[in-house]
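Breakdown of the fold
For reference, the chains in residue letters:
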Amino acid sequence: MLKIEDLVVEVEGHTILNRINLEIPEGETHILFGPNGSGKSTLMMTIMGFSGYRVTSGHIWFKGEDITRMPIHERARLGIGVAFQRPPAINGLKTRDVVSLCAGQKSTNVEELAQKANFVDFLDRDLNLNFSGGEMKRSEMLQLLAQSPDLVLLDEPESGVDLENVVLLGEIINELLGRGVRQREKESAIAHRSKKSKSALVITHTGHILNYITADKGHVLYNGVLCCARNAREILQWIREYGYEECFRCAS
Amino acid sequence: MRELDVKNKAATRQDNNSPKPGYKDQADPHAYLEQLDRVDPEEARQWLNVGVDITGQNRSGTFIQKDCSVLHSGCGSGDVEIMGISQALQTHDWLKDYMWRLVSPEKDEYTRMTRDIPHEGYFIRSLPGAQVAEPVQSCLYISEEGLSQHVHNVVIAEENSSIHIITGCATAEHLRSGLHVGVSEFYVKKNATLHFTMIHRWGEQIEVRPRTGIHVEEGGTVVSNYVSLRPVGSLQMNPVTYLAGKDAVARFNSILVAPPGCELDTGSTVILEHPGARAEIISRAITTGGTIIARGEMDARAEGVKGHLECKGLILKEGIMHAIPELVGRVPGVDMSHEAAVGKIDQREIEYLMARGLDEETAVSTIVRGFLNVDIEGLPPGLAEEIDQVVSETQHDAL
């Protein structure tokens, strides 16, 4: 689904990501661990194609297409969706209208989706304006539900969210990815087996979100270098026990 | 260096200077029309653009002035009076006491012109207790080249009444130069509500000088919406509102777009004189090459008053945007705040929407439309479409 080859990325003249190689096969959820400032968000913004993140060498492939130089909206239309950690507020633009726009040509029932994200009361508010941390996350997830991308990029989905809402957030992510026990409950076994799960890359530095979603693999990003790839929970144990630095030393 | 300073300062001058020379102060009279179905369709179209519909559908009454003549006035409701100001002065002996009370004739050269050479204007009054369901519409129109039109308007919302007035101001398509001076005095009596929506669509070289005073008594509310989306030579106005009773409320919204060559100097002053008075001034301005000065002044003179000012300006590619919010508190216990921002469209907002699948052009127009989308009560339905059209026309200026 997503393949990153020897990717080097500069921000304002400084190399932030150095020779990154990463592959996320169809249907898998990968976790990206790393301390603050390690380049996690830069990787995500580069995959999406945001300005200010300059690819100086390497390639990003998505669904077999080289998207390294593709404009943002074309990547979105090809099936990449992102939930931002700190999305901008847009004055006068109603959340309801943005959710419709996210659906593109697909027909969508905004109210129904908003119920899933417990966000009905916010539909007529300006997008992200004076939203709390948890509200922003739910707004982002609601937009992704409408967009229904094949690869979901989530930047610190649990940050700033209280305990009660983390559970809800986990459920929405599972719905979005077509995974988890509750999803299984809602559908017949055959329907569930025949439906393919979506792919995801989830950034976290605390790892709390792992209690609510299923991860297939974990990666550690340290100082712009991917230094370890193995079972996500195992990595989390290491980081909790010994810290990122030790994790990096072990790998190198 | 000194020269540069002078040029920069020019944007902030209070434009009370004299009108351009060479205007004429009289026009050929136009015959009064009992029925509006005989109006030139081209003129009717110009009026509709500013919210004035000659069919009178969904309107409680209509007043139309062309150049210096009252073309039509009438109302379908017994709750409201609508007529030209000279006829009103003959009808109501007391009306003279309402003239020049809120605006001084000596204020500036424009007010003096209106006192010395008056050209009608409207009188609109909602009777005590009347809830006028549909809006009243009035149109001030200039069709004669080089005319200096001076109107004097009086609106009275009597005690416990409620009325919505839509005023559309426009010029004939072919018109190149002209001056419009409008002296307006609005009286909102005890517990009355006045909704006033003014839509301007003047010509590219027209000078426009409204001079407005508003007096609001205890429990009264004035809501004023101002929309100017099309080119105008220069506009300068700063209505002064006196919240002269307990719990009086004033809300001002304006939506301004300044194309190249256009100078808009607009603002509102609200004086909060009694406890519980509340005021809100919100302006959204976009320059696509013109100059906009967005003023707002609140003067809190009593305890327990509350005010908020919000000036937001976008410079799409070039132009000058000058936001001047001012707050004055003269006693303790007042609650006043302001928020002003001038800038371009945030690239992050554009890319955020692009990440949802919108191309760049659609992302920009979505943001601009949102920016102009102040929640305005009672705008004529066609206006949303007009805003859409202006947004798409100014699109290429943004990219």
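Residues numbered from 1 in each chain as written. Chains lettered and ligands numbered in written order. Predicted model: local features only at pLDDT ≥ 70, side-chain atom pairs only at ≥ 80, totals over all residues. Heavy atoms only, no water.

When helices and strands are tallied, chain A shows nine helices and 12 strands. Radius of gyration (C-alpha) of chain A: 18 Å, near the 18 Å computed for a compact globule of 252 residues. Reported as C-alpha extents along the three principal axes, the dimensions of chain A are approximately 50 × 35 × 35 Å. Pairs at least 24 residues apart make up 68% of the contacts formed inside chain A by residues separated by at least 6 positions. Here chain A contributes 29 positive and 33 negative side-chain charges, whose respective centroids are spaced 3 Å apart. (Helix = DSSP H or I, 4+ residues; strand = E, 2+ residues; numbered from the N terminus. Rg over C-alpha atoms; globule rule 2.2 N^0.38 Å. Contact = heavy atoms within 4.5 Å. Lys, Arg positive; Asp, Glu negative; His and termini not counted. Charge placed at Lys NZ, Arg CZ, Asp CG, Glu CD.)

This paragraph deals with the packing of aromatic side chains. Taken as a whole, this structure holds 12 aromatic pairs over all chains when the rule is applied. Arranged with centres 5.3 Å apart and planes meeting at 55°, the rings of Phe84(A) and Tyr352(B) form a pair that is tilted. Highlighted residues: Phe84(A) in the loop between β6 (80-83) and β7 (90-94) and Tyr352(B) in helix α5 (residues 347-354), drawn from two different chains. On the numbers, 4.7 Å between centres and 90° between planes, the contact of Tyr98(B) with Tyr187(B) is edge-to-face. Taken together, the residues Tyr98(B) in the loop between α3 (85-91) and α4 (109-116) and Tyr187(B) in strand β8 (residues 178-188) connect sequence positions 89 residues apart. (Phe/Tyr/Trp six-rings, centres within 6.5 Å; stacked < 30°, edge-to-face > 60°.)

Residue and element names in this part refer to chain A. Taken in spatial order, the six strands of this open sheet run β6-β9-β10-β3-β11-β12, and their pairing is mixed. Of all the strands in the sheet, the pair left with one neighbour each is β6 and β12 (225-230). Averaged over all pairs of adjacent strands, the angle between strand axes in this sheet comes to 20°, irrespective of strand direction. By the bridge criterion, five bridges tie strand β9 (residues 151-155) to strand β10 (residues 199-204) in an arrangement that is parallel. Residue Asp-155 lies in a different strand from β10, and its bridge partner there is Ile-203. Most of the contacts of helix α6 (residues 163-177) go to β9, to which it runs at about 160°, and overall it touches β3 (29-33), β9 and β10. (Pairing = 2+ DSSP bridges. Axes fitted to C-alpha atoms, helices over the stretch in contact; angles between N-to-C directions.)

Here we take up the interface of chain A and chain B. Facing 28 residues of chain A, the contacting portion of chain B comprises 20 residues. Counting the surface lost from both chain A and chain B, the interface buries some 1900 Å², and carbon and sulfur atoms represent 57% of this. Looking only at chain A, the three residues that lose the most surface to chain B are Pro88(A), Ile90(A) and Asn91(A), adding up to 25% of its buried area. Of the charged contacts, one joins Arg356(B) and Glu140(A) as a salt bridge, the two residues approaching to 2.8 Å between their closest N and O atoms. Broken down by secondary-structure element, the contributors of at least two residues to the side of chain A that touches chain B are α2 (72-78), β6, β7, α3 (95-103) and α5 (133-147) of chain A. Counting residues per element, the side of chain A that touches chain B draws most heavily on β7(A), at five residues. (Buried area = accessible area lost by both parts, 1.4 Å probe. Salt bridge = Lys/Arg side-chain N within 4 Å of Asp/Glu carboxyl O.)

Residue and element names in this part refer to chain B. Counted according to the given criterion, the structure contains four cavities of 30 Å³ or more. Reported here for the largest cavity is a volume of approximately 320 Å³. Forming the walls of the largest cavity are 30 residues, and the residues nearest its centre are Met-198, Ser-224, Tyr-226, Met-237 and Pro-239. Residue assignment for the lining of the largest cavity shows that the elements contributing at least two residues are β7 (162-171), β8, β9 (193-201), β10 (206-216), β11 (221-228), β14 (249-258), β17 (278-287) and β18 (291-300). (1 Å grid on protein atoms, 1.4 Å probe; cavity = no way out; pocket = protein on both sides within 12 Å on 5 of 7 lines; lining within 4 Å. Points joined across faces, edges and corners; volume = space filled by probe spheres on them.)

A few words on helix α1 (residues 40-48) of chain A. Buried residues dominate α1(A), accounting for eight of its nine residues. All of the buried residues along α1(A) are Lys40(A), Thr42(A), Leu43(A), Met44(A), Met45(A), Thr46(A), Ile47(A) and Met48(A). (Buried < 20%, exposed > 50% of the residue type's maximum accessible area, 1.4 Å probe, protein only.)

Quick look at the packing of α5(B) against helix α6 (residues 360-372) of chain B now. Residue and element names in this part refer to chain B. Across the interface, α5 lies against α6 with an axial gap of 9 Å and an inter-helix angle of 120°. By the angle between their axes, α5 is oblique relative to α6. Both α5 and α6 take part in a crossing whose hand is right-handed. Within the contact between the two elements, α5 uses Glu-349, Ile-350, Leu-353 and Met-354 and α6 uses Glu-360, Ala-363, Val-364, Thr-366 and Ile-367. (Parallel < 35°, antiparallel > 145°, perpendicular 65-115°, else oblique. Left-handed = near helix turned anticlockwise from the far one by under 90°.)

On to the domain arrangement of chain B, then. Residue and element names in this part refer to chain B. Here chain B is partitioned into domain 1 (21-345) and domain 2 (346-399). On a C-alpha basis, the centroid separation for the pair domain 1 and domain 2 is 26 Å. Each partner contributes to the interface: domain 1 provides 29 residues, whereas domain 2 provides 23 residues. Taking both sides of the interface into account, the surface hidden between domain 1 and domain 2 amounts to around 2300 Å²; carbon and sulfur atoms contribute 70%. Its largest share of buried area at the contact with domain 2, domain 1 owes to Arg-230, Ile-255 and Ile-345, together 28% of the area lost on that side. (Domains from an automatic or database assignment.)

With 119 residues, the main nonpolar core has Ile4(A), Ile20(A), Phe33(A), Leu43(A), Leu353(B) and Leu372(B) as its most contacted residues. For this core, the element with the highest residue contribution is α6(A), accounting for seven residues. No fewer than three residues from each of domain 1 (21-345) and domain 2 (346-399) of chain B sit in this core. Judged by nonpolar contacts, the second largest core, of 61 residues, contains Ile82(B), Leu140(B), Val208(B) and Val222(B). (Core = buried A, V, L, I, M, F, W, Y, C linked by side-chain atoms within 4.5 Å.)

What follows covers the pattern of salt bridges. Between side chains of opposite charge, a pair can form as their charged atoms come close. Residues and elements named next belong to chain B. Summed over the entire model, instances satisfying the criterion amount to 31 salt bridges over all chains. As a salt-bridge pair, Glu-158 and Lys-189 come within 3.2 Å of each other at their nearest N and O atoms. Linking Glu-158 in the loop between β6 (148-157) and β7 with Lys-189 in the loop between β8 and β9, this pair joins segments that are 31 residues apart in sequence. Owing to a relative accessible area of 12%, Lys-189 belongs among the buried residues under this scheme. Residues participating in the shared-partner salt-bridge network are Glu-81, Arg-125, Glu-158 and Lys-189.

All names here are of chain A. Strand order in the open sheet made by the four strands is β2-β1-β4-β5, with antiparallel pairing throughout. The sheet terminates laterally at β2 (14-24) and β5 (65-66), the two strands that pair on one side only. Two strands pair when backbone bridges link them, and strand β4 (residues 54-62) and β5 are joined in this way by two bridges, in the antiparallel orientation. Across the sheet, Trp-61 pairs through a bridge with Asp-66, a residue of β5.

Let us now look at unusual backbone geometry. Residues and elements named next belong to chain B. With phi around 60°, Trp-100 is a residue other than glycine that occupies positive phi space. Secondary-structure assignment places Trp-100 in the loop between α3 and α4. A positive phi is found at Asn-160, a non-glycine position, where the angle reads about 60°. Along the chain, Asn-160 falls in the loop between β6 and β7. Taking the relative accessible area as the measure of exposure, Asn-160 reaches 40% and is therefore partly exposed.

Residue and element names in this part refer to chain A. With respect to the helices and strands, the residue His-59 is situated in strand β4. In sequence terms His-59 and His-205 are 146 residues apart; their C-alpha atoms lie 26 Å from each other. Residues contacting His-59, with those up to four places away along its chain left out, are Lys-3, Ile-4, Glu-5, Leu-7, Asp-66 and Thr-68. Side chain to side chain, His-59 and Asp-66 meet in a polar contact 2.8 Å long. (Polar contact = N/O pair within 3.5 Å; in protein donor to acceptor, adjacent residues only side chain to side chain.)

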